[in-house]
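Examination of the molecular architecture
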Amino acid sequence: MTTDVTGARPIPTDDQVTIPALFDDPYPIYRRLRSHAPVHWIPAVNRYMVIGYHACRTVERDQERFSADETNSLMKRSMGHSMLRKDDPEHAVERASYGGVLRPKAIKNHWRAVFDHNARTYLDRLREIGPGADLIRDFAAPYAAENLRVIMGFYEATQQDMQRWSQTMIDGTGNYADDPEVWRMAKESSDEVDEAIDRALPYLRSHPDDSLLSRLADLPVPLESIRANMKMTIGGGLNEPRDALGTTVWALLSDPDQRALVAADPARWSDAFEESVRWVAPIGMYPREATRDTELDGFHVPAGARLGVVVGAANRDPEVFTNPDRYDIDRPKQPHLAFGGGEHFCAGAWVARSSVAQVALPMLFDTLPRLRLDPERPARAGGWVFRGMRTLPVLWD
Ligand code: HEM
């Protein structure tokens, strides 16, 4: 553990960065910052932004120096204190409570059929809409929401409830402006989720199934932890598969050569997906806090520093990825950081891979072989903490 800061350089400040510019397109900003240092103090976001691949890996693998339990965390205020904002050993106990529900065996035995059914349902609805359809609004979002609803066991809720809960609570975690209306909506959703859990747990105790809530119903996990972890999972398990799906479709529709590679070999859907989350990480940044004065890649991080682990930047570090701004499913395999690393490595990575790469993408392109971008309605990406296609208007024959 490195606590010796002798010789460590001060972290540079960059006051040119603005939040609207990051939202619009963060990659030129990361390129510029990277040419100076792997970590910067960015006043506009009130954080040290860790943008180098090596530095991000160091932070996420060392919870003694870089804690997930951030002081004054807006996520804790919006969703409660979930496992994502705890360190081990407390984190490990709650992570273990999820058991095998999100793992490959359960996906094979239960969830794969759910994904097939839901992809078919929302693809049929997309086709009914016809011209004017938006691939995010009309396919990726309801598909991801309905998958998550079933896996989690919210049997009385709708996929629309899931989308609303997810968005309003996520808005709370990013409410740095302290907008009371944002807090009101986040609280309303949080209360609705609590009520849905309170109704589901007794029912699932007498009618057990394969869902997450059914598993938790029989474990000695405190109700407060169940509530916080469910809210975090609603926030983290819906927009990300949606955005991974949307970005992959956009990349392939924008680049006929890459699309041809996948069309020629369906085994390559997995490469298309992994390259997409490398290229545009759906969670672009997540927080950590320095527990002591310490050194990071030669720079002095002060005790209590609020860090942003910017995996969206690390995934385009040219020291690791050649020609990093290009979407290229043929690139040499290097581990990307889109699912995080260390103790908090995404618990839903298998669900995302199966639902998006094995089910939704092949079914979409097989069913609509002439799928293409609508030249009259431009597609638009946005975000940096969370990044994905905001709108993806498509046409087909
Ligand atoms: C492409 C899709 C996804 C991406 C890119 C993604 C990304 C991530 C990342 C970066 C983290 C770690 C954040 C941190 O360390 O602060 C994380 C954690 C987590 N994710 Fe995902 N995620 C995705 C899909 C899902 C899905 C579908 C689920 C649930 C079904 C899920 C559930 C979780 C949970 C429960 C954690 C917390 C793990 C822990 O604290 O130990 N994720 N995810």
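Residues numbered from 1 in each chain as written. Predicted model: local features only at pLDDT ≥ 70, side-chain atom pairs only at ≥ 80, totals over all residues. Heavy atoms only, no water.

1. A word on the packing of helix 6 (residues 104-129) against helix 7 (residues 135-152)
Contact geometry for helix 6 and helix 7: axes closest at 9 Å, N-to-C directions at 155°. It follows from the interaxial angle that helix 6 and helix 7 lie roughly antiparallel. Of the two possible hands of crossing, helix 6 and helix 7 adopt the one that is right-handed. In this structure, helix 6 contributes Trp111, Val114, Phe115, Asn118, Ala119, Tyr122, Leu123, Leu126 and Ile129 to the contact, and helix 7 contributes Leu135, Asp138, Phe139, Pro142, Tyr143, Glu146, Asn147, Val150 and Ile151. Of the residues contributing to the contact of helix 6 with helix 7, the split by class is 14 nonpolar, two polar and two charged. (Axes fitted to C-alpha atoms, helices over the stretch in contact; angles between N-to-C directions. Helix = DSSP H or I, 4+ residues; strand = E, 2+ residues; numbered from the N terminus. Parallel < 35°, antiparallel > 145°, perpendicular 65-115°, else oblique. Left-handed = near helix turned anticlockwise from the far one by under 90°. Contact = heavy atoms within 4.5 Å. Nonpolar A, V, L, I, M, F, W, Y, C, P; charged D, E, K, R; others polar.)

2. Looking at the coordination of the iron atom of the ligand
For the iron atom of the ligand, the protein contributes exactly one donor atom, Cys346 (SG), at 2.3 Å. Tracing the backbone through its elements, the reader meets Cys346 in the loop between helix 15 (311-314) and helix 16 (349-367). (Donors = N, O, S within 2.8 Å, 3.2 Å for Na, K, Ca; no water.)

3. Considerations on the pattern of salt bridges
By the definition in use, this model includes 34 salt bridges. Here Asp191 makes a salt bridge to Lys187, at a shortest N to O gap of 2.9 Å. One end of the pair, Asp191, and the other, Lys187, are both in helix 9 (residues 180-206), four residues apart, so they sit about a helical turn from each other. Between Arg227 and Asp198 there is a salt bridge whose closest N-O contact spans 2.9 Å. Here Arg227 is found in helix 11 (residues 223-237), whereas its partner Asp198 is found in helix 9, with 29 residues between them in sequence. Residue Arg227 is classed as buried on the basis of its relative accessible area of 15%. (Salt bridge = Lys/Arg side-chain N within 4 Å of Asp/Glu carboxyl O. Buried < 20%, exposed > 50% of the residue type's maximum accessible area, 1.4 Å probe, protein only.)

4. So, the sheet that holds strand 7 (residues 299-301)
Picture the strands of a sheet paired through backbone hydrogen bonds; they go either parallel or antiparallel. The strand order across the open sheet built from three strands is 1-7-6, with neighbouring strands paired in mixed fashion. A strand with exactly one partner marks an edge of an open sheet, and here the two such strands are strand 1 (9-10) and strand 6 (294-296). Here strand 6 runs beside strand 7; their pairing, made up of three bridges, is antiparallel. Each residue of the ladder has a partner; that of Glu295, found in strand 7, is His300. (Pairing = 2+ DSSP bridges.)

5. Here's the deal with the site of the ligand
Close to the ligand lie 28 residues; His91, Arg95, Arg288, His344 and Cys346 are nearest. The side chain of Arg95 places a nitrogen or oxygen atom 2.7 Å from an oxygen atom of the ligand. For the ligand, an oxygen atom lies 2.7 Å from a polar atom in the side chain of His344. Taken together, the elements giving at least two residues each to the shell around the ligand come down to helix 5 (90-97), helix 11, helix 12 (239-254), strand 5 (286-290) and helix 16. Counting residues per element, the shell around the ligand draws most heavily on helix 11, at four residues. In terms of residue class, the shell around the ligand is made up of 17 nonpolar, seven polar and four charged. (Near = heavy atom within 4 Å. Polar contact = N/O pair within 3.5 Å; in protein donor to acceptor, adjacent residues only side chain to side chain.)

6. Quick look at the nonpolar core
Ranked by size, the top nonpolar core spans 118 residues in total, and within it Phe154, Met230 and Val249 carry the most contacts. By residue number, the principal contributor to this core is helix 16, which donates 11 residues. (Core = buried A, V, L, I, M, F, W, Y, C linked by side-chain atoms within 4.5 Å.)

7. Some remarks on helix 12
For helix 12, spanning 16 residues, the distance from its first C-alpha to its last is 22 Å, which sits close to the expected 22 Å at 1.5 Å a residue. The element helix 12 is largely enclosed, with a buried count of 14 among its 16 residues. (Expected span 1.5 Å × (residues − 1).)

8. Comments concerning the pairing of strand 11 (residues 388-391)
In the sheet, strand 10 (residues 380-382) pairs with strand 11 via three bridges, with the strands oriented antiparallel. Paired with Gly382 across the strands is Gly388, a residue of strand 11. Taking the residues that link successive antiparallel strands as the turn, the strand 10-strand 11 hairpin has five residues, and the phi of Gly383 there is positive, at about 110°.

9. Section: the sheet that holds strand 4 (residues 66-67)
What the five strands build is an open sheet, ordered 2-3-8-5-4; its pairing is mixed. Because the sheet does not close on itself, it has two edges, and the strands there are strand 2 (39-42) and strand 4. As paired elements, strand 4 and strand 5 share two bridges and run antiparallel to each other. Within strand 5, the residue paired with Phe66 across the bridge is Ala290. Where helix 3 (residues 53-60) meets the sheet, its contacts fall on strand 3 (47-50), strand 4, strand 5 and strand 8 (306-309), and the angle it forms with strand 8 comes to roughly 120°.

10. Quick notes on the environment of Lys231
Within the secondary structure layout, Lys231 lies in helix 11. As a C-alpha pair, Lys231 and Gly7 span 224 residues in sequence and 43 Å in three-dimensional space. Those residues in contact with Lys231, other than ones at most four positions away along the chain, are Met79, Met169, Ser190, Val193 and Asp194.

11. Brief notes about the side chain of Asp87
Along the chain, Asp87 turns up in the loop between helix 4 (74-79) and helix 5. Nearest to the buried, unbridged Asp87 among oppositely charged side chains is Arg288, at 6.2 Å. Side-chain polar atoms of Asp87 contact the side chain of Ser67, separated by 2.5 Å. Apart from residues lying up to four places away in sequence, Asp87 is in contact with Gln63, Ser67, Ala68 and Asp69. (Lys, Arg positive; Asp, Glu negative; His and termini not counted.)

12. Observations concerning unusual backbone geometry
For the bond running from Asp88 to Pro89, omega is 10°, close enough to zero to count as cis. Its location among the elements puts Pro89 in the loop between helix 4 and helix 5. Notably, Asn72 is not glycine yet its phi reads approximately 55°, a positive angle. Looking at the element boundaries, Asn72 is found in the loop between strand 4 and helix 4. Relative accessible area serves as the criterion here: at 68%, Asn72 is assigned to the exposed category. Of note, the phi angle at Asn323 is positive, near 45°, even though the residue is not glycine. Locating Asn323 in the fold gives a position in the loop between helix 15 and helix 16.

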